[in-house]
Amino acid sequence: MKELKVICTGGRFAVVEMADGGVYHTKEAYELLVNGESRGKLDRVITPIYDLLPDQEYQVCVKLGEELAGETSFHTKKETVTLNVRQFGAAGDGVKDDTLAIQSAIMACPCGGRVLIPAGVYSFVCLFLKDGISLELAEGAELSAATDRSRFPYYPGMIARSDGEGEYNLGTWEGDPQIMFCGLITGVGVKHVQIYGRGTVNGNASHENWWYNCKQMVTAWRPRTIFLNHCEHVDLVGITVKNSPSWTIHPYFSNHLRFLGLEVLNPKDSRNTDGLDPESCRDVELAGIHFSVGDDCIAIKSGKIYMGKTYKTPCEDVVIRQCSMNDGHGSVVIGSEIGAGVKNLTIRDCIFKNTDRGLRIKTRRGRGEDCVVDQVTFENIRMDGVLTPFVVNCFYFCDADGKTDYVQNKEPLPVDERTPQVKELTFKDIHAVNAHYAAVCAYGLPEKPIGKLSFENVSVSYAPEMEPAVPAMMCGLEPMAKAGIYVRNVDTLELKNVRISGCSGKEIDAENVREIIRK
């Protein structure tokens, strides 16, 4: 039998993982049975199960035809009470503003209780979470957000503490403490919260409202759809989140988080609609998520210069697995706001399709000496139609000074407190087809080269037709098409069973590489 295990439980749901060797989708389509009752087809590795009762024992099995393929058991959590938002005055008709009714139910819910949002369309502005509750978006339920900025509250970026013990940071924008509209769903300092269900959170963003003139702050910076600031032990399971005003799900200085079986959907031409951006977070799991967005699917961050240097809180101990990334700029991105660094990051068992870059690191001079990227592993990834599968760019031209001589100079500059570092990256069991510009584009700083790039069991082949283009956002790089491994300023390049098919020039174009190891 295959391994079937439970990876998360609540009072009314559980999440199972069917490990049959499939990536995102299982290799076979199984029948799912709960306490002997059929629950339909199971064809994803990570699958939420709903409509359970609290404090109950359940037996789960999967069958392939008449053959038992896997089984397990679990016990749901206890639940103190269910509060249906309709009992608090919510209409769910898509017309009435249901914000206060839903918020009243949340505030009245005791620890261990459930706030139920049944089928219907609930117009709202912002909702705020509290400790110890579960929020269920039932099948057919949609939280439909307002887009009138005048109705939104906003958070200041930084407030001086009355006790003189430093600062209190609420608002943030692209790595800096800035005034921002509150998230459509916001948690500040909350613990032990679960948001789950088959329902949808719709930000209703478009080019006529939030995405219009998106680089200009109007009153405050655009809201996230879900914003978690200094939260702990939060689970998001199964829900669909779409049409986000900016970054879709943004955990910020938060720990012990799980994001399981979600759908994150934004149009390909939407602006800054990253899918899920953990920033200065620890112990984060992203599993079984389907992304189709207008910017990076996942971007790992740790603040820009001030936040990184002041709080020195890296993003660490993050696992991304069994996810499907579609469209957008990058599938999994590190940076560019990584002033406190990123370490112990694992991305495995994922599918990347039609993104501009696959595995992408963005940094630059000025991010600071705490901006260290280390212990990063990418393993068992399948790519199709990714324009440049691997990019490590230490000259990323973001911010107002991004194209200055200090940032873009390709000659060695003095190493000081402004100098970032990329240490060791491992790429293993990765296969990409229909690439365009280059298989690998890695450009380190001459004064602080990339430490080690290790590629093992990696293959890249190219699409038949494409126009040359620049594979990384930096100055001075020439357009490429079907380029092989283009590497500059690296201490060690290790290649073991690496195959580049259809390269237009040299398979390895390396300068200032101290050691190339081929096995």
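Residues numbered from 1 in each chain as written. Predicted model: local features only at pLDDT ≥ 70, side-chain atom pairs only at ≥ 80, totals over all residues. Heavy atoms only, no water.

## Section: the sheet that holds strand S12 (residues 127-128)
One key point about sheets: their strands pair by backbone hydrogen bonds, in either a parallel or an antiparallel sense. Reading across from one edge, S12-S19-S22-S25 is the order of the four strands in this open sheet, with parallel pairing throughout. Only two strands of the sheet have a single neighbouring strand rather than two, namely S12 and strand S25 (249-252). Pairing analysis gives four bridges linking strand S22 (residues 226-229) to S25, with the strands arranged parallel. If you follow Leu228 over to S25, its bridge partner there is Pro251. (Pairing = 2+ DSSP bridges. Helix = DSSP H or I, 4+ residues; strand = E, 2+ residues; numbered from the N terminus.)

## What about empty space enclosed by the protein?
For the structure shown, the criterion picks out one cavity of 30 Å³ or more. Computed from the structure, the largest cavity encloses a volume of approximately 40 Å³. (1 Å grid on protein atoms, 1.4 Å probe; cavity = no way out; pocket = protein on both sides within 12 Å on 5 of 7 lines; lining within 4 Å. Points joined across faces, edges and corners; volume = space filled by probe spheres on them.)

## Remarks on the nonpolar core
If you look at the biggest cluster of nonpolar residues, it comprises 130 residues, and the most contacted ones within it are Phe259 and Ile320. The element that contributes the greatest number of residues to this core is strand S42 (residues 483-501), accounting for nine residues. Tyr30, Leu42, Leu52 and Val62 belong to the second largest nonpolar core, which has 15 residues in total. (Core = buried A, V, L, I, M, F, W, Y, C linked by side-chain atoms within 4.5 Å. Buried < 20%, exposed > 50% of the residue type's maximum accessible area, 1.4 Å probe, protein only.)

## Overview of the environment of Pro110
Tracing the chain through its elements places Pro110 in the loop between helix H1 (99-108) and strand S10 (114-117). Spatially, the C-alpha atom of Pro110 lies 9.7 Å from that of Leu83, the residues being 27 residues apart in sequence. Residue contacts for Pro110: discarding those within four places in its chain leaves Thr80, Val81, Gly132 and Ile133. (Contact = heavy atoms within 4.5 Å.)

## As for the UniProt feature "domain: Rhamnogalacturonase A/B/Epimerase-like pectate lyase" (unreviewed entry) in the protein chain
Residues given the UniProt feature "domain: Rhamnogalacturonase A/B/Epimerase-like pectate lyase" (unreviewed entry) here are residues 83-124. For residues 83-124, helix accounts for 24% and strand for 38%, while the C-alpha atoms at its two ends are 18 Å apart. (UniProt positions renumbered as here; feature names shortened; annotations may be inferred.)

## Here we look at unusual backbone geometry
In the segment running from Gly335 into Ser336, the intervening peptide bond is cis, with an omega of 0°. Tracing the backbone shows Ser336 in the loop between strand S33 (330-334) and strand S34 (342-353). Even without being glycine, Asp349 reaches a positive phi, approximately 55°. Topologically, Asp349 is positioned in strand S34. Even without a glycine there, the phi angle at Asp429 is positive, about 55°. Summarising the element assignment, Asp429 is placed in strand S39 (residues 424-435).

## Focus on H1
Of the residues making up H1, those classed as buried are Thr99, Ala101, Ile102, Gln103, Ala105 and Ile106. Against strand S8 (82-84), strand S9 (93-97), S10, strand S11 (120-124), S12 and strand S14 (141-145) lie the buried residues of H1.

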